[in-house]
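# A closer look at the structure
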Amino acid sequence: MTAVMRPNASVCPACDAGPAAAALASGAELAQDARLALSLPTIHCGACISTVERTLDAHPGVRSSRVNLTLKRATVEADADVTADALIALLESAGYEAHELDAGSLSATQADKAGRDLLMRLAVAGFASMNVMLLSVSVWSGAEAATRDLFHWISAAITLPTILFSGKPFFVSAWAALRHRRLNMDVPIVLAIVLAVMTSLWETMLSGEHAYFDAALALTFFLLAGRYLDHRTRAIARSAAEELAALEVPRAHRLTGDTEETVAVSALEVGDLIRVRPGGRMPVDGVITEGQSELDRSLLTGETVPVFAETGLQVSAGEVNLTGPLTIRASAVGKDTSLHRMADLVAIAESGRSRYTSLADAAAKLYAPGVHILSALAFVGWYLYTFDIRTALNIAAAVLIITCPCALGLAVPAVTTAASGRLFRKGMLIKHATALERLAQVDTVVFDKTGTLTQGTPDLVNAEDMTLTQFEIAMALSVGSSHPLAQAIFSKGQKAGVGLALVSEIFEVPGYGTTGVWNGQPVRLGRASWVGAEPLGQVSTFLQIGAEDAIALRFKDALRPGAADAVRALRESGKDVLLISGDSTGAVEELSARLGIAKWIAEALPADKAQKITALSEAGRHVLMVGDGLNDTAALAAAHVSISPATALDAARVASDIVLLGNDLGPIPEAVEVAQKATRRIRENFRIATLYNVIAVPLAIAGLATPLIAALAMSTSSITVSLNALRLR
Amino acid sequence: MNILTYLIPISLLLGGVGLVAFIYTVRSNQYDDPEGDARRILNDEWDDRPKP
């Protein structure tokens, strides 16, 4: 990012008395607002790029804009007074869907320093190994005496600085492991590289025949390739996850006196008055000081029935305001809100999961000591046999190079890259490195209800209880409302082709319902207590015409697409399916009967959910938790592996290993299958690598392994392993 | 075999040029938007001078 000089806004030359202060002020302003990021999910072609850029550049105040087609994103440099809303409206009129992205949460993706660093090291290693390989080929094909020595010296001159630069990630990681008195995969790697370079240098000085410079470089190159693949897979997932988080721009409307200003949520303080519009989410914990409405708490507690809200009620961050505008006085902000306190629960739950050791680490634990012992034995054996330290050292180096986990280092990243790529195309984001391995072990699946198995949007079930006239009146009363029940009535009526009755004086009473006048008599649609009816145990609203008895309209939570199929497929593959929800017993029982889930728990508090999961894990089960709400976060973190839909709260997405990008739950059983296949493939790759070792190690110990054989064994095993991994795609 | 004194430095130099060119492309963000850049080159909008 380049610093943009801002033309001095002052007109009179005398005003330049305090330029430092002005520069400071404008600098702060620039840093905050000069850069806007927009997500453009529908752009796809070259013409789109130029249309979008031309549209944006034509807007007054926009200095420059740049579209990134790969990320489907546009970055705009603009004056501080240009708002994202204006640009979005502009793009929408040009025919492109646009969403604002929080530039702050995206900054990490743009400077993917670690990835670039690895790529650079990989490139240097590739360049050096190709050159050294060419020199080695001439040595293998018979270069002798002075020529061979010259080639060896040139190889050494190329190899030494390259190993120092490219091998740095391995040196750092091996040193970190050794310092904690542990062994990881990088320890034998580093030992092999260092020993190979040392003995080759010694051989070169004595104008010997065998030098392993090419092997040391090829090793570094292949292993770096594995490391880079691994990094890229995770970087793609991370950037997609960051984009999800950036879509929720944290803004709040603060009231100061009579004026309302839009500020970042982080700028709010305790005691501030905040206005929350219908459909908006509570940015902080607080107390309602003005207004009446209903609150949707489903993301926090799993309850589907909206709660009546009036002055004096405590609200928590994350609740959604449904009908009327509310003013709240903040009582806790930022880290102190109930939303953030949930993080403590998550931290406790997560400590259990970190005990998982990945397949690669497990293999390294077996493998690393074995390799060291083997090469030490070869050294001792040959030394006792010949009493020639040079031969013994040469053979020990050959054993280390041949056994070096070149294929092992590629075995896991190649498979996870292929599997993650396949799942990404199906709409699943693998966030955690070992998530696939853990997913493969799952034998119990726990679902949350609201927002996970169901969409969290109600569906009218007894429309036939109304006459056509009554339905038309209900339609007319619900047409303008943003309340989810009213919207459900309206969409049901629209689908059935029901028109609107002529209702006048429609007026929404926040927190209660909608009233109007039809044929001279008052009509009402709303809460039971408001129309004088008995409340029902389930989600319902009431329609009252004149003085007649109110008609109950009952709602059911609509199933998420693919939910029934996913549950059935999981049960058919022999997994135990459970439903744990914070909702009322009636609603949970009804849904589990509908989906055929035998075990269910209702009215569970967040801590209960996490406890149940821990109990299951202690009984030896590997639990997959699927959930979306804040009340699920602790359970998501406690489970062996967890999935959350993209519609989930940010906290829930952070706590889970896998994010479902689409609306459909269908890919879950398939993901389990792909994960099992991937794990099988990883084990297969380990076996292939072992097979190569079984053939090549005796040769090396016998002292028959020339640098040529080492190079051949290494390349073929690496290529076989990569090809085997590609079969997953 | 004296020809080697010229050929080896020349081949190393050529390889090095390739490496430096690659590092330059990485440093100047040329891999940030491969898909967009592939399409931009077909567009005649900025043919006379580069986009600022």
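Starting afresh in each chain, residues are numbered from 1 along the sequence in its written order. As they are written, the chains are lettered A onward and the ligands numbered 1 onward, keeping that order. Restriction of local features to residues with pLDDT of at least 70 applies here, the model being predicted, together with a cutoff of 80 or more for giving and counting side-chain atom pairs; totals for whole chains, interfaces and linings are based on all residues. Calculated side-chain values reflect all of the structure's heavy atoms, with hydrogen atoms and water omitted.

Strands here mean DSSP runs of E at least two residues long; helices mean DSSP runs of H or I at least four residues long; both are numbered from the N terminus. Of the regular secondary structure elements, chain B holds two helices and zero strands. Radius of gyration: over C-alpha atoms. The globule rule applied is 2.2 Å multiplied by the number of residues raised to the 0.38 power. Taking 52 residues into account, the globule formula puts the C-alpha radius of gyration at 10 Å, and chain B, at 18 Å, lies well above it. Here the C-alpha coordinates of chain B stretch approximately 55 × 20 × 20 Å along the principal axes. Buried residues are those whose accessible area, probed at 1.4 Å on protein chains only, stays under 20% of the maximum for their type, while exposed residues exceed 50% and partly exposed ones sit between those limits. Put simply, chain B has 52 residues, and 19% of those count as buried. Residue exposure ignores everything except the shown protein chains as possible cover, and the areas themselves are Shrake-Rupley values with a 1.4 Å probe. Just so you have it, chain B exposes about 4,200 Å², and 64% of that area is on carbon and sulfur atoms. Here chain B holds 5 positive side-chain charges and 8 negative ones, and the gap between their average locations is 5 Å. His is not counted here, nor are the chain ends, while Lys and Arg score as positive and Asp and Glu score as negative. Where a charge lies is defined by one atom per residue type: Lys uses NZ, Arg uses CZ, Asp uses CG and Glu uses CD.

A separate point is the pattern of salt bridges. Residue and element names in this part refer to chain A. Each salt bridge in this description consists of a side-chain nitrogen of Lys or Arg and a carboxyl oxygen of Asp or Glu lying within 4 Å of one another. Here the structure, examined in full by the defined rule, presents 19 salt bridges over all chains. Arg254 is the salt-bridge partner of Asp272, the closest N and O atoms lying 3.2 Å from each other. Separated by 18 residues along the polypeptide, Asp272 in the loop between strand E6 (259-264) and strand E7 (273-276) and Arg254 in strand E5 (residues 251-256) bring together distant segments of the chain. By relative accessible area, Asp272 is classed as buried at 15%. Its salt-bridge partner being Asp448, residue Lys609 comes within 3.0 Å of it at the nearest N-O pair.

With that settled, the discussion passes to the nonpolar core. Residues and elements named next belong to chain A. Definition used in this section: a nonpolar core is a set of buried Ala, Val, Leu, Ile, Met, Phe, Trp, Tyr and Cys residues joined via side-chain atoms within 4.5 Å. Counting residues in hydrophobic clusters, the biggest one holds 111 residues, and the most contacted among them are Leu439, Phe447, Leu453, Leu624 and Ile668. The greatest single-element share of this core, amounting to 13 residues, is contributed by helix H25 (residues 667-701). Should any heavy atoms of two residues lie within 4.5 Å, those residues are counted as being in contact. Ignoring sequence-local partners within four residues, the contact set of Phe447 consists of Thr452, Leu453, Val567, Leu570, Val577, Leu578, Leu579, Ile580 and Val626. Judged by nonpolar contacts, the second largest core, of 24 residues, contains Ala463, Ala474, Leu477 and Val523.

Glancing now at the interface of chain A and chain B. Chain A puts 26 residues into the contact, and the matching count from chain B is 23 residues. Summed over both partners, the accessible area lost on bringing two parts together, with a 1.4 Å probe, is the buried area. Note on chain A versus chain B: buried area summed over both sides is about 2,100 Å², and carbon and sulfur give 61% of it. For chain A, the biggest contributors to the area lost against chain B are Arg116, Met120 and Phe127 of chain A; these three give 25% of the whole. Seen at the junction of chain A and chain B, the total is two salt bridges. A salt bridge links Arg66 of chain A to Asp37 of chain B, with the nearest nitrogen and oxygen atoms 3.7 Å apart. Mapped by element, the contributors of at least two residues to the side of chain A that touches chain B are helix H2 (46-58), strand E2 (62-68), helix H5 (113-140) and helix H6 (145-166) of chain A. Looking at the side of chain A that touches chain B, the element that brings in the most residues is H5 of chain A, giving eight residues. Following the grouping adopted for this structure description, the nonpolar residues are Ala, Val, Leu, Ile, Met, Phe, Trp, Tyr, Cys and Pro, the charged ones are Asp, Glu, Lys and Arg, and the polar ones are all others, Gly among them. Of the residues in the side of chain A that touches chain B, the class split is 13 nonpolar, eight polar and five charged.

Now for the sheet that holds strand E24 (residues 623-626) of chain A. Residues and elements named next belong to chain A. Criterion used throughout: strands pair if DSSP finds at least two bridges between them. As summarised here, the arrangement of the seven strands in space is E14-E26-E25-E24-E15-E22-E23, forming an open sheet in which the pairing is mixed. At either margin of the open sheet sits one strand with a lone partner, and together these are strand E14 (428-430) and strand E23 (599-601). Averaged over all adjacent pairs, the angle separating strand axes in this sheet is 20°, with direction ignored. For strand E22 (residues 576-580) and E23, the ladder comprises three bridges, and the chain directions are parallel. Residue Leu579 lies in a different strand from E23, and its bridge partner there is Trp600. Only the contacting stretch of a helix is used when fitting its axis, a line to C-alpha atoms as for every element, and angles between N-to-C directions run 0 to 180 degrees.

So, on to the packing of aromatic side chains. Residues and elements named next belong to chain A. By convention, a stacked pair of Phe, Tyr or Trp rings (six-membered ring in the case of Trp) has centres within 6.5 Å and planes under 30 degrees apart, an edge-to-face pair has planes over 60 apart, and any other such pair is tilted. According to the stated counting rule, one finds seven aromatic pairs over all chains in the structure shown. Measuring from ring centre to ring centre gives 6.0 Å for Phe221 and Phe222, while their planes differ by 55°; the resulting arrangement is tilted. On the basis of an interplanar angle of 65° and a centroid distance of 5.7 Å, the ring pair of Tyr383 and Phe387 is categorised as edge-to-face. Of the aromatic side chains, those joined through ring pairs into one cluster are Phe308, Tyr512 and Trp530. Looking at Arg121, its charged tip hangs above the ring of Phe165, at a distance of 4.8 Å from the centre. Sitting above the plane of the Trp530 ring, Arg524 keeps its charged end 4.7 Å from the centroid. Charge over a ring is defined by NZ of Lys or CZ of Arg lying within 6 Å of the ring centre and within 35 degrees of the ring normal.

The analysis is restricted to geometry; functional conclusions fall outside its scope.
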